[in-house]
Amino acid sequence: MVTLAEVAQHAGVSASTVSYVLSGKRSISAITRQRVEQSIRELGYHPNAGARALASSRSNIIALMIPLRTDMYVPVMMEIAIAVATTARAHGYDVLLLTGEEGPDAVRRVTGSGLADAMILMDVELEDERLPLLRQTDQPSVLIGLPASTSGLTCVDLDFGATGALCVEHLAKLGHRDIAVIGEAPAVYERHTGFAERTLDGLRSRARELGLRVLHRPCEGGYDAMAATLARIFDERPGTTGLVVQNESAVEPLLALLRQQGRAVPEDVSVVAICPDQVAVQASVRLTSVAIPAQEMGRYAVEHLVAKLDGRGSEEVVLIAPELTVRASTGPAPAGS
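Positions within a chain are numbered from 1, following the residues in the order the chain's sequence is written. With pLDDT at 70 or above as the cut-off, local features in this predicted model cover only qualifying residues; side-chain atom pairs require 80 or more to be listed or tallied, and sums for whole chains, interfaces and linings still use all residues. Side-chain calculation: all heavy atoms of the structure are included, whereas hydrogens and water are not.

The next thing to look at is the overall build of the protein. Each helix and strand counted, the protein has 14 helices and twelve strands in total. In terms of overall dimensions, the protein has C-alpha extents of about 85 × 40 × 35 Å along its principal axes. Within the span of the protein, comprising 337 residues, buried residues form 50% of the whole. Within the protein, contacts between residues at least 6 apart in sequence are counted, and of these 71% link residues at least 24 apart. The method behind every accessible area is Shrake-Rupley, applied with a 1.4 Å probe, and residues are considered shielded solely by the protein chains displayed. When the accessible area of the protein is evaluated, it comes to approximately 15500 Å², of which 50% is carbon and sulfur surface. Secondary structure elements follow DSSP: runs of H or I no shorter than four residues count as helices, runs of E no shorter than two count as strands, and numbering proceeds from the N terminus. Three labels apply to residues, based on accessible area from a 1.4 Å probe with only protein chains included: buried if under 20% of the type maximum, exposed if over 50%, partly exposed otherwise in between. Working rule for contacts: check all heavy atoms of both residues, and any pair within 4.5 Å makes them a contact.

Written out as structure tokens, the structure is:
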């Protein structure tokens, strides 16, 4: 294994100069820094993590708390996690992935043990039990999600309220008056998960302004659950011509059931999805959709966290504006609807 002394000898500088280049504790001339960095690359030197942590009082690790629940769409969560990991690595940080449903205990474990320098929290609930601890600690943190109160917190998220409103506006312009929302699994709403609640709030508020009727039905996803949910929707609101789907696992069962019932998409029923572009374009009918900007959310979260660690950050809320892409699944409401 290459040592710091060998890097210093190769670069023609002192060992302390190499240390200062690595730690950034002292100003080093650009020419000297470039020479040291070139030697590091050529020799394949990697600083010892333990020694570096002792010297800087930092672990250079970011803890990512991402509870992997069966009622959540894991591919989106993992896409965000990958974006966090790659962005963190570009800034010189590694990521410690915490996937258990530990709640406040996970926050205590990280803040009390020195496992990580900072935290990113996902799957944020409106009244999240982890937040009081975050507000009490000096350890930097960022939420990917939006709780009911953002006071003293830094949050990054898609503007899900605006997303719900955008879906309603699109269907309203096409003449649809009765809209049903096929939502996430019931447990997601029982936990008052932020993204799901905010989508509904934005959708319902805009629907009231536009004079539309809205019916919301949670769905576990899968064929049987979707069949029961769809039957219930058309029993309660036979005139429904617009569907908004915020449940990736329900997309393909929904389209299959509509075909079986002889309901053509979009001639009889228009469908708008809130989902990753990959899900929308690979569906049996290419879906009009609002994309989930997973990579941007992960990247922005890390960049704000690194700014905090460097003493440059401030508490703020970053909401990414939604973008709706029109595809084959939406069209004018049927005549007489």
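Read on for the rest.
Any two strands between which DSSP finds at least two bridges are classified as paired. Here five bridges tie strand β1 (residues 61–65) to strand β2 (residues 94–98), and the two strands are oriented parallel to one another. In the sheet register, L64 faces β2, and the bridge partner there is L97. With strands facing away from the observer, any crossover in which the path from the first strand over the helix to the second runs clockwise is taken as right-handed. With helix α5 (residues 74–90) bridging β1 and its parallel neighbour β2, the resulting β-α-β unit is right-handed.

Quick look at the environment of D224 now. Along the polypeptide, D224 turns up in helix α11 (residues 223–236). Of the residues examined, D224 reaches a relative accessible area of 63% and is grouped as exposed. Each C-alpha atom, one on D224 and one on T325, is 29 Å from the other, the two residues being 101 residues apart in sequence.

Our focus in this paragraph is the sheet that holds strand β4 (residues 141–144). Pairing within the open sheet is parallel, and its six strands lie in the order β2-β1-β3-β4-β5-β11. Single-partner strands in this sheet number two, and they are β2 and β11 (317–320). Across this sheet, the average inter-strand angle for adjacent strands is 20°, counted without regard to direction. The strands that helix α6 (residues 104–113) touches are β1, β2 and β3 (118–121); relative to β1, the one it contacts most, it runs at about 175°. Axes here refer to lines fitted to C-alpha atoms; in helices the fit is confined to the stretch in contact. Angles between the N-to-C directions go from 0 to 180 degrees.

Moving on, we get to the side chain of E125. Within the fold, E125 resides in the loop between β3 and α7 (131–136). Given a relative accessible area of 17%, E125 falls into the buried group. Not counting chain neighbours up to four residues away, the residues in contact with E125 comprise R69, P147, R191, H192, T193 and G194.

Right, let's get into the packing of aromatic side chains. Pairing of aromatic side chains requires ring centres within 6.5 Å, counting the rings of Phe and Tyr and the six-membered ring of Trp. Pairs whose planes differ by under 30 degrees are stacked, by over 60 edge-to-face, and all others tilted. All chains considered together, the criterion is met by one aromatic pair. We count a charge as sitting over a ring when the NZ of a lysine or the CZ of an arginine lies within 6 Å of the ring centre and within 35 degrees of the ring normal. It is R263 that lies over the ring of F234; its NZ or CZ is 3.6 Å from the centre.

So, on to the nonpolar core. Core analysis: the largest hydrophobic core is formed by 47 residues, its most contacted members being I80, I120, I144 and V244. The greatest single-element share of this core, amounting to seven residues, is contributed by helix α14 (residues 294–309). What I80 contacts, discounting residues up to four positions off in sequence, is M122, I144, A294, M297 and G298. Residues belong to one nonpolar core when they are buried, are Ala, Val, Leu, Ile, Met, Phe, Trp, Tyr or Cys, and are joined through side-chain atoms within 4.5 Å. Counting 26 residues, the second largest nonpolar core, distinct from the first, contains I182, C219, V271 and L287.

Salt-bridge detection follows one rule: a side-chain nitrogen of Lys or Arg within 4 Å of a carboxyl oxygen of Asp or Glu. In the structure shown here, the tally under the stated rule is 16 salt bridges. Taking the shortest distance from any N to any O, the salt bridge between R191 and D123 comes out at 4.0 Å. Residue R191 is located in the loop between α9 (186–190) and α10 (194–210), and its partner D123 is located in the loop between β3 and α7; the two are separated by 68 residues in the primary sequence. By relative accessible area, R191 is classed as buried at 17%. Of the charged contacts in the structure, one is a salt bridge between R191 and E125, with a shortest N-O distance of 3.8 Å. Note that R191 is positioned in the loop between α9 and α10 and E125 in the loop between β3 and α7, a separation of 66 residues in sequence.

Turning next to the environment of G164. Looking at where G164 falls in the secondary structure, it is placed in helix α8 (residues 160–173). Remark: the alpha-carbon pair of G164 and L200, spanning 36 residues in sequence, is separated by 6.3 Å. When residues no more than four places from it in sequence are discounted, the contact partners of G164 are T199, G202 and L203.

Before going further, it helps to spend a moment on α14. Spanning 16 residues, α14 covers 23 Å between terminal C-alpha atoms, matching the ideal 22 Å at 1.5 Å per step. If you check which residues of α14 are buried, you get A294, M297, G298, A301, V302, H304, L305, V306, A307, K308 and L309. The span one expects for a helix is its residue count, reduced by one, times 1.5 Å.

This part is about the sheet that holds strand β12 (residues 324–325). Pairing between the strands of a sheet is mediated by backbone hydrogen bonds and can be parallel or antiparallel. With respect to topology, six strands assemble into an open sheet ordered β7-β6-β8-β9-β10-β12, the strand pairing being mixed. Of all the strands in the sheet, just β7 (213–218) and β12 have a single pairing partner and so form its edges. Strand direction decides the pairing type here: strand β6 (residues 178–183) and strand β8 (residues 242–245), joined by four bridges, are parallel. Among the inter-strand pairings, V181 is bridged to a residue of β8, identified as V244. Sheet strands touched by α8: β6, β8, β9 (270–274), β10 (288–290) and β12. Its angle to β9, the strand with the most contacts, is close to 165°. On top of the sheet, α10 reaches β6, β7, β8 and β9; it is set at about 160° to β7, its chief contact.

Taken by themselves, the reported measurements are silent on function.
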